Amino acid sequence: VNSKSKMKRRLVVLGAGESGVGTAILGKKKGYDVFVSDKGIITDDYKEVLKSFEIEWEEKQHTVARVLEADVVMKSPGIPDNVPLIGELKEKGIPVISEIEFGARYTSATVVGITGSNGKTTTTMLTNHLLKGGKLDVSMAGNIGDSFAKQVAEKNPLYYVLELSSFQLDGIVDFAPHIAILTNITPDHLDRYDYKLEKYIASKFRIAMNQNDQDYFIYDADDKNITDYLDKHPVKSKLLPFSLTRKIDHNGAYLEKENITIIIDNNKITMPTTDLALKGNHNVKNAMAAATVSHLLKIRKNTIRECLENFHGVEHRLESV
C-alpha cells in the first residue's frame, strides 16, 4: 500500500518566491503532495499563503533526502543549473522544470511568449494593453505580475502574455507558445552560459523549439545574432520578421516613411509612428511586435492604433521629463 505508485505524486518546489509559491498552489490544486524548500528566508507573506493552502515548507536549507523523494521538481529561475543538488536530481532521472513548463501543462489558453535581452517588459505590457483594448480575456505573467502558475490555478483566462527570461526557458520541456516574440539578442547573463554567446542565443531560441507550422515566430530581422542563428537552425513556426531598415516582402512588419506597415497573408494595415506614445526607434520595434500579435489575433486596426497612442510604458523607464 505504501509503494510510490499508490501514493500521490510528489512535487518539490525549490525557491519560495513568486514563481515557487504559485507553482506550489497549482500543484496542490492538481492533487500533488507538495513540499517547498528555500535556501534563504521565506517572506512572512509567502509563509502565510503556504500555510493557508496547507503546503509543507522549509527555509534556510535544502534537506537533500526530502528533495530527492520528488517525482518532479520546479526550480526557481534564480537557481543555476550547475549547483550540486540539481546535478543529483538529474543523476536520479528526476525531471527539473520551470514554473512556465508546469503551469502550461494545466491550461489550454492561447499563449503569447516574449523573450529577448532588452525590450521584453515594454513589449509584454504593450501587447497586454492591446489585447485588453481588443476586449480579449487576457492576463500578463512570467517575469511580470502574479505568477503564471498561480493564475492558471485561480482564474485561468483565455489568453496569456508571458515575459520569459532565458532562465525560465532553460526549464521547459514541452512548452510551446502559439505566438513567440524574440525582441533582440545582446550579450547578457553570460556567467550562466559558460561565457559563450552561442549558448545564450540557443537558450533564447528555446521559445520556438516546440512550435509547429500553425504557430508564429515574430523577431527582429535587423538583429544579426538572430538572423545568423535562424539561418543555421530553422524553426518550424511561421516567420513574421520586423525591420526598421528594409521592406518585408511577405509576412511581417516594416517602417516606411514614418509609417508602420504590417502584412499577414495579404491582409495589410498601416499606422503612423508620429502618434506613438512611446518615442525612440527601439519603441517602434516594440510597437511593431505587439501590433503584429494584435493583427494576428484579429483586433481591429483602429483599436490597435488607439492603444499604441495611449500606452505610456513602464514607469521611470525612458520617460519624457
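Calculation rules
Residues numbered from 1 in each chain as written. Predicted model: local features only at pLDDT ≥ 70, side-chain atom pairs only at ≥ 80, totals over all residues. Heavy atoms only, no water. pLDDT = per-residue confidence, 0-100. Contact = heavy atoms within 4.5 Å. Buried < 20%, exposed > 50% of the residue type's maximum accessible area, 1.4 Å probe, protein only. Helix = DSSP H or I, 4+ residues; strand = E, 2+ residues; numbered from the N terminus. Pairing = 2+ DSSP bridges. Axes fitted to C-alpha atoms, helices over the stretch in contact; angles between N-to-C directions. Core = buried A, V, L, I, M, F, W, Y, C linked by side-chain atoms within 4.5 Å. Salt bridge = Lys/Arg side-chain N within 4 Å of Asp/Glu carboxyl O. Phe/Tyr/Trp six-rings, centres within 6.5 Å; stacked < 30°, edge-to-face > 60°. Lys NZ or Arg CZ within 6 Å of the ring centre and 35° of its normal.

Residue-level pLDDT values for the protein average 92, and 94% of them are 70 or greater. Segment residues 1-5 is flagged for pLDDT under 50; beyond a separation of four residues in sequence, or across chains, it makes 5 contacts in the model.

Time to look at the pairing of strand E9 (residues 179-182). Here E9 shows two buried faces, one formed by Ile-179 and Ile-181 and the other by Ala-180 and Leu-182. Here 4 bridges tie strand E6 (residues 110-115) to E9, and the two strands are oriented parallel to one another. Looking at E9, one finds that Val-112 is bridged to Ile-179. Pairing of E9 with strand E10 (residues 216-220), which is carried by 4 bridges, proceeds in the parallel orientation. Counted as the bridge partner of Leu-182 is Tyr-219 from E10.

Time to look at the sheet that holds strand E7 (residues 138-142). Overall, mixed pairing links the 9 strands, which are arranged E7-E8-E6-E9-E10-E11-E12-E13-E14 in an open sheet. Bordering the open sheet on either side are E7 and strand E14 (267-272), each of which pairs with just one other strand. With strand direction ignored, the average angle separating the axes of adjacent strands in the sheet is 15 degrees.

Read from one edge of the open sheet, 5 strands run E3-E2-E1-E4-E5, paired in parallel fashion. Only two strands of the sheet have a single neighbouring strand rather than two, namely strand E3 (56-59) and strand E5 (96-97). Where strand E2 (residues 33-38) and E3 come together, 4 bridges link them in parallel fashion. Within E3, the residue paired with Ser-37 across the bridge is Glu-58. On top of the sheet, helix H1 (residues 18-29) reaches strand E1 (10-14), E2 and strand E4 (72-75); it is set at about 170 degrees to E1, its chief contact.

In this section: the side chain of Arg-10. Along the chain, the position of Arg-10 falls in strand E1. Judged by its relative accessible area of 8%, Arg-10 is buried. Here Arg-10 is in contact with Tyr-32, Asp-33, Phe-35, Arg-66, Glu-69, Ala-70, Asp-71 and Val-72, once residues within four sequence places are set aside.

This next bit is on the pairing of E6. Here E6 lies mainly inside the structure; 5 of its 6 residues are buried. Sheet topology places E6 next to strand E8 (residues 159-163); 5 bridges connect them, and they run parallel. Counted as the bridge partner of Thr-110 is Tyr-159 from E8.

Moving on to the environment of Val-111. Residue position: Val-111 is located in strand E6. What makes Val-111 buried here is its relative accessible area of 6%. Separated by 65 residues in sequence, Val-111 and Ala-176 place their C-alpha atoms 8.1 Å apart. Aside from chain neighbours lying at most four places away, what touches Val-111 is Tyr-160, Leu-162, Phe-175, Pro-177, His-178 and Ile-179.

As a further point, take the nonpolar core. Grouped together as the largest cluster of nonpolar side chains are 46 residues, with contacts concentrated most on Leu-11, Val-34, Val-36, Leu-162, Phe-205 and Phe-217. Every residue in contact with Leu-11, bar those within four places of it in the chain, is listed here: Thr-23, Gly-27, Tyr-32, Asp-33, Val-34, Phe-35, Val-72, Met-74 and Phe-102. Grouped together as the second largest cluster of nonpolar side chains are 37 residues, Leu-126, Ile-262, Ile-304 and Cys-307 included.

Applying the stated criterion to the full structure yields 10 salt bridges. The partner of Glu-56 in a salt bridge is Arg-66, and the shortest N-O contact between them spans 2.7 Å. On the criterion of sequence distance, the pair formed by Glu-56 in strand E3 and Arg-66 in helix H3 (residues 64-67) is long-range, its members being 10 residues apart.

Backbone geometry at Glu-54 places phi at a positive 55 degrees, although glycine is not the residue there. Judged by its relative accessible area of 65%, Glu-54 falls in the exposed class. The phi angle at Lys-257 is positive, at roughly 50 degrees, despite the residue not being glycine. Considering the arrangement of structural elements, one finds Lys-257 in the loop between strand E12 (252-256) and strand E13 (259-264).

On inspection of all chains with the given rule, the structure shows 6 aromatic pairs. A ring pair is formed by Phe-217 and Tyr-219, whose centres lie 5.5 Å apart and whose planes are at 20 degrees; its orientation type is stacked. Like Phe-217, the residue Tyr-219 is buried in the burial classification. Following the ring pairs from residue to residue traces out a cluster consisting of Phe-205, Phe-217, Tyr-219 and Tyr-229. Across from the ring centre of Phe-35, 4.0 Å away, lies the NZ or CZ of Arg-66, which sits over that ring.

In this section: the environment of His-312. In this fold, His-312 is placed in the segment after helix H12 (301-310). Note: C-alpha distance between His-312 and Glu-91 (221 residues apart in sequence) is 48 Å. Discounting residues that sit within four places of it in the chain, His-312 has contacts with Ala-277 and Leu-278.

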